[in-house]
Amino acid sequence: MRWYENDGLWSGFAETMFPPRRAQEAADLVATSPLLRFQPGAQVLDLCCGPGLWLAPLARRGYQVTGVDLSPVMLAEAKAACPDAELICEDMLEFSRPGQFDVALNVFTSFGYLAEAEDNLQVLRNAYTSLKPGGQLIVDVMGKEVLAGWIGRPQAVDVDGGCVVMRDTILDDWTRLRTDWTLVRGDTARHAVIECFVYSAAELKDLFRQAGFQDVECFGDFDASSYDNHSKRLIVRGYRRD
Ligand SMILES: C[S@@+](CC[C@H](N)C(=O)[O-])C[C@H]1O[C@@H](n2cnc3c(N)ncnc32)[C@H](O)[C@@H]1O
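Residues numbered from 1 in each chain as written. Predicted model: local features only at pLDDT ≥ 70, side-chain atom pairs only at ≥ 80, totals over all residues. Heavy atoms only, no water.

1. As for the sheet that holds strand 9 (residues 188-197)
Sheet architecture is open: four strands sit in the order 6-7-8-9, paired in antiparallel fashion. Taken across any chain shown, the strands that pair with only one partner, and hence form the sheet edges, are strand 6 (155-159) and strand 9. This sheet shows a mean twist of 20 degrees between the axes of neighbouring strands, independent of strand direction. With 10 bridges connecting them, strand 8 (residues 176-185) and strand 9 associate as antiparallel partners. Opposite Asp180, over in strand 9, you have Val193 as the bridge partner. (Pairing = 2+ DSSP bridges. Helix = DSSP H or I, 4+ residues; strand = E, 2+ residues; numbered from the N terminus. Axes fitted to C-alpha atoms, helices over the stretch in contact; angles between N-to-C directions.)

2. Remarks on the domain arrangement of the protein chain
How big an interface is tends to be stated in terms of accessible area lost as the parts join. In terms of domain boundaries, the protein chain breaks down into domain 1 (3-143 + 200-239) and domain 2 (146-195). Taken together, the contacts link 15 residues of domain 1 with 17 residues of domain 2. Between domain 1 and domain 2, roughly 1300 Å² of surface is buried when both sides are summed, and carbon and sulfur atoms account for 70% of that area. Our count for the domain 1 to domain 2 interface comes out at one salt bridge. The shortest N-O distance in the salt bridge between Glu15 and Arg185 comes to 2.7 Å. Applying the counting rule to domain 1 against domain 2 returns five residue pairs in polar contact (both at pLDDT 80 or more). Counting residues per element, the ones that place at least two in the side of domain 1 that touches domain 2 are helix 1 (7-12) and helix 2 (14-17). Considered class by class, the residues forming the side of domain 1 that touches domain 2 number seven nonpolar, five polar and three charged. (Domains from an automatic or database assignment. Contact = heavy atoms within 4.5 Å. Buried area = accessible area lost by both parts, 1.4 Å probe. Salt bridge = Lys/Arg side-chain N within 4 Å of Asp/Glu carboxyl O. Polar contact = N/O pair within 3.5 Å; in protein donor to acceptor, adjacent residues only side chain to side chain. Nonpolar A, V, L, I, M, F, W, Y, C, P; charged D, E, K, R; others polar.)

Next up, the structure:
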């Protein structure tokens, strides 16, 4: 089994990855972000939608939302969070609906998971195919430059009755990142590993262009600020023009 096919990872660490605070943050960003303001009634794809933190506020703004995720557990939560969403259980490597969407989103570092570099490019190609001409793709990840600012410091987060410790290791000359997650609660411990590609702004922009996107831009946050030494995330947006 590939690491990202392990439902125990997404559901077992859900308290840390998908706390109520993040649902509120997503709702606030959908309400205020200039990057998340689309034409009325736009068809929006959330690729790797997880438990639907973004689907629900997007649907409340009147967009027609589709969530794609590989995890049946995550999709069941997305259904509860957003009953109006169309939900599809499929691998992002395979998912493509030619010309259907005005917007495709891939947020909270849900890109770069596939073991082969070419497969991650294929995910962008699929998104390109799935957009209408004039449509846009927005990818939000932890950029390599951001990561370089705090890598090496183990992080610990308190959860109900326990603690989650995350430890990062850079692999293959800054090509990929391994994060070891350990949840200790009482006398039990749960461990999982995430291993994904990490991209600099220039690398991710180049991948967008290879996939066919035009007018590719970077931002440092959903307020559309520039990607610089103050940024905490890397957001790349590109358009399908043909
Ligand atoms: C870090 S979570 C982010 C979820 C959501 N975007 C959010 O902001 O909360 C990554 C999600 O990607 C899904 N996923 C992982 N690999 C996938 C794949 N190959 N195809 C589709 N979904 C995948 C996981 O099941 C998980 O729900």
